[in-house]
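# Tertiary structure, described
One-letter residues, chain by chain:
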Amino acid sequence: MPIETRPSYGRPLRPSFRGHDPAPALDPNAPLPGVIGAAAAMREVFTAVRRVAPSRACVLIVGETGTGKELIARAVHDLSPRSTGPYVRVNCGALTESLLESELFGHVKGAVTGAVDNRTGRFEAAHAGTIFLDEVNSTSPKLQVKLLRVLQEGEFERVGDNNTKKVDTRIVAATNRDLLDEIDAGRFREDLYYRLNVVPIHLPPLRERRDDVESLVEAFLRRYAEQNRKDVRRVHPDAMRRLREHDWPGNVRELQNYVERAVILGDGPELLVEHLPPQLRGEAPPRPARPRAAGGAGAIAGSDLAALTTELVRQGIRDAGPAANDLHDRVVGRVERELIQQVLRASDRVQIKAAARLGINRNTLHKKLTEYRIDDSASAPPAEGEGEEAQDGGRIGDAHPPNDE
């Protein structure tokens, strides 16, 4: 696995910037080198990075895939006193347990298959510098024990060796999952979580910082126009509007890929709607953004409903268009109609049961059945032993429901 010395997207950080220039330090909200963003959530990230960088503390970066976790990790290193030391990146989700153990801690000759010589691990390579553990949630319980020891004692053994090695390495970890959920599921050690989570930094998804979309698009446009020797200098307003309104489930990385594609496919000075993928032109359904956990980037059951509701409302507003004046009926009305239909089916179409489940009285339910034109001719026959309940409680199809208000 090669040592990463550049971020995955965005401008490469300039080696000459080592965190000693006093000018950026005057404003803790100033953008980090190579990071584009002016949204309030991103300014909080910039402040957190500048405050934690000079320390020795572990940093846990939490964010969805494609939000730029590696850029932030690199900024922590470049703004720290360790900036002249090595910066080593390891993707913990890309290797099996045995290979990852050897990659992190090294091995001695003959310790593993193909080990024809001693090998230095990434922790040793990052001595006096920083090691970035991407997708740390992917590590096995066995490796988590060894990681915990390195964090606590600064020591480890190579695979197949009994000699203890000491290292002075700062750890920056990243995850796109909620580690508290991983702990509850028995996949992540709680003690390791608290050692890593000394200073958490949460990266917002792109859909929560839409004001940054235009700046990102312009930066990527300049880069890929230069790389591909294209004369694309601007973005058509309609194309920019569609880019801003998209929910970007793949975040900045997805936006970057779409702009690169548009530059390559374009043949004029302007990026047009026709150069965008079908999802942005409305010719294919967009892939919904993943629900985000309250304590991290992954989805958890308790937050799914809130996230899906947010997505439903956003989709309804977008589909209605800027001139719509019936958003309540389009969004709330449709949801209420569907809710009533599903509860009725679950209640065997007995109105009093459905009203109780919905938390409304029967008269209100009957009015809504009429308002939403829910078919009241599809009444189900009374189940055996339910005749009295059907008579008193009423099924869909009752001409005159009793007044219980």
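Just so it is clear, the model here is predicted, and its values are computed rather than measured. (Residues numbered from 1 in each chain as written. Predicted model: local features only at pLDDT ≥ 70, side-chain atom pairs only at ≥ 80, totals over all residues. Heavy atoms only, no water.)

### What about the overall build of the protein chain?
Counting its regular elements, the protein chain contains 17 helices and 9 strands. Counting every position in the protein chain, which comprises 405 residues, the buried fraction comes to 46%. Looking at the protein chain alone, contacts between residues at least 24 apart form 71% of all its contacts between residues at least 6 apart. If you sum the accessible surface of the protein chain, you get close to 20800 Å²; carbon and sulfur atoms cover 49% of it. (Helix = DSSP H or I, 4+ residues; strand = E, 2+ residues; numbered from the N terminus. Buried < 20%, exposed > 50% of the residue type's maximum accessible area, 1.4 Å probe, protein only. Contact = heavy atoms within 4.5 Å. Areas by Shrake-Rupley, 256 points an atom, 1.4 Å probe, with all protein chains shown as cover.)

### Quick notes on the nonpolar core
In terms of nonpolar packing, the biggest core is built from 29 residues, with Leu-104, Phe-123, Leu-133 and Ile-171 touching the most fellow members. For this core, the element with the highest residue contribution is helix 6 (residues 141-153), accounting for 5 residues. When residues no more than four places from it in sequence are discounted, the contact partners of Leu-133 are Val-90, Cys-92, Leu-104, Phe-123, Leu-147, Ile-171, Val-172, Ala-173 and Ala-174. (Core = buried A, V, L, I, M, F, W, Y, C linked by side-chain atoms within 4.5 Å.)

### Comments concerning a nonpolar patch on the surface
On the surface, a cluster of nonpolar side chains totalling about 210 Å² of accessible area is made up of Val-313, Ile-317 and Leu-327. Mapped onto the secondary structure, Leu-327 falls in helix 14 (residues 327-346). Judged by relative accessible area, which is 33%, Leu-327 ranks as partly exposed. (Patch = residues over 30% accessible without salt bridge, like charges linked within 9 Å, V, L, I, M, F, W, Y side chains within 5 Å. Salt bridge = Lys/Arg side-chain N within 4 Å of Asp/Glu carboxyl O.)

### Points about the sheet that holds strand 7 (residues 199-202)
Within the open sheet, the 5 strands sit side by side as 2-3-6-1-7. Their pairing is parallel. This sheet does not close on itself; its edge strands, each paired only once, are strand 2 (87-91) and strand 7. For this sheet, the mean angle separating the axes of adjacent strands, direction not counted, is 20°. Bridge count for strand 2 against strand 3 (residues 130-134) is 5 bridges, and the pairing is parallel. Looking across to strand 3, one finds that Asn-91 is bridged to Asp-134. (Pairing = 2+ DSSP bridges. Axes fitted to C-alpha atoms, helices over the stretch in contact; angles between N-to-C directions.)

### Section: the pairing of strand 6 (residues 170-175)
In terms of burial, strand 6 is a largely internal element, 6 of the 6 residues being buried. Burial along strand 6 is two-sided: Arg-170, Val-172 and Ala-174 facing one way and Ile-171, Ala-173 and Thr-175 facing the other are all buried. Both strand 1 (residues 59-62) and strand 6 contribute to a ladder of 4 bridges, which runs parallel. Its bridge partner being in strand 6, Val-59 is matched across the sheet by Val-172. Here 4 bridges tie strand 3 to strand 6, and the two strands are oriented parallel to one another. Paired with Leu-133 across the strands is Ala-173, a residue of strand 6.

### A look at the pairing of strand 1
Where burial is concerned, the two faces of strand 1 agree: the one with Val-59 and Ile-61 and the one with Leu-60 and Val-62 are both buried. Pairing of strand 1 with strand 7 involves 4 bridges; the strand directions are parallel. The partner of Leu-60 across the bridge, within strand 7, is Pro-200.

### Quick word on the packing of helix 14 against helix 16 (residues 362-371)
Interhelical geometry of helix 14 versus helix 16 gives an angle of 120° and a closest axis separation of 11 Å. Regarding helix 14 and helix 16, the two cross each other, and that crossing is left-handed. Along the contact surface, helix 14 presents Glu-336, Ile-340 and Leu-344, while helix 16 presents Leu-365, Lys-368 and Leu-369. Here the contact of helix 14 with helix 16 is composed, by residue class, of 4 nonpolar, no polar and 2 charged. (Left-handed = near helix turned anticlockwise from the far one by under 90°. Nonpolar A, V, L, I, M, F, W, Y, C, P; charged D, E, K, R; others polar.)

### A closer look at helix 16
Turning to helix 16, its buried residues are Arg-362, Asn-363, Leu-365, Lys-368 and Leu-369. Residue Asn-361 occupies the N-cap position of helix 16, its side-chain oxygen lying 3.2 Å from the main-chain nitrogen of Asn-363. After helix 16 finishes, the residue Arg-373 shows a positive phi value of roughly 55°. (Polar contact = N/O pair within 3.5 Å; in protein donor to acceptor, adjacent residues only side chain to side chain.)

### A short note on the side chain of Glu-157
Turning to its location among the elements, Glu-157 is positioned in strand 4 (residues 155-157). Of the residues examined, Glu-157 reaches a relative accessible area of 17% and is grouped as buried. Within the local environment of Glu-157, its side chain forms a polar contact with the side chain of Thr-164, the two groups lying 2.6 Å apart.

### Structural notes on the packing of aromatic side chains
Taken as a whole and assessed by the stated rule, the structure comprises 5 aromatic pairs. Between the aromatic rings of Tyr-193 and Tyr-194, the centroid separation amounts to 5.1 Å while the plane-to-plane angle is 70°, which identifies the pairing as edge-to-face. Tyr-193 sits in the buried class, given a relative accessible area of 11%. According to the relative accessible area criterion, Tyr-194 is partly exposed, its value standing at 49%. Ring-pair connections join several aromatic residues into one group, and the members of that group are Phe-105, Phe-123 and Phe-156. (Phe/Tyr/Trp six-rings, centres within 6.5 Å; stacked < 30°, edge-to-face > 60°.)

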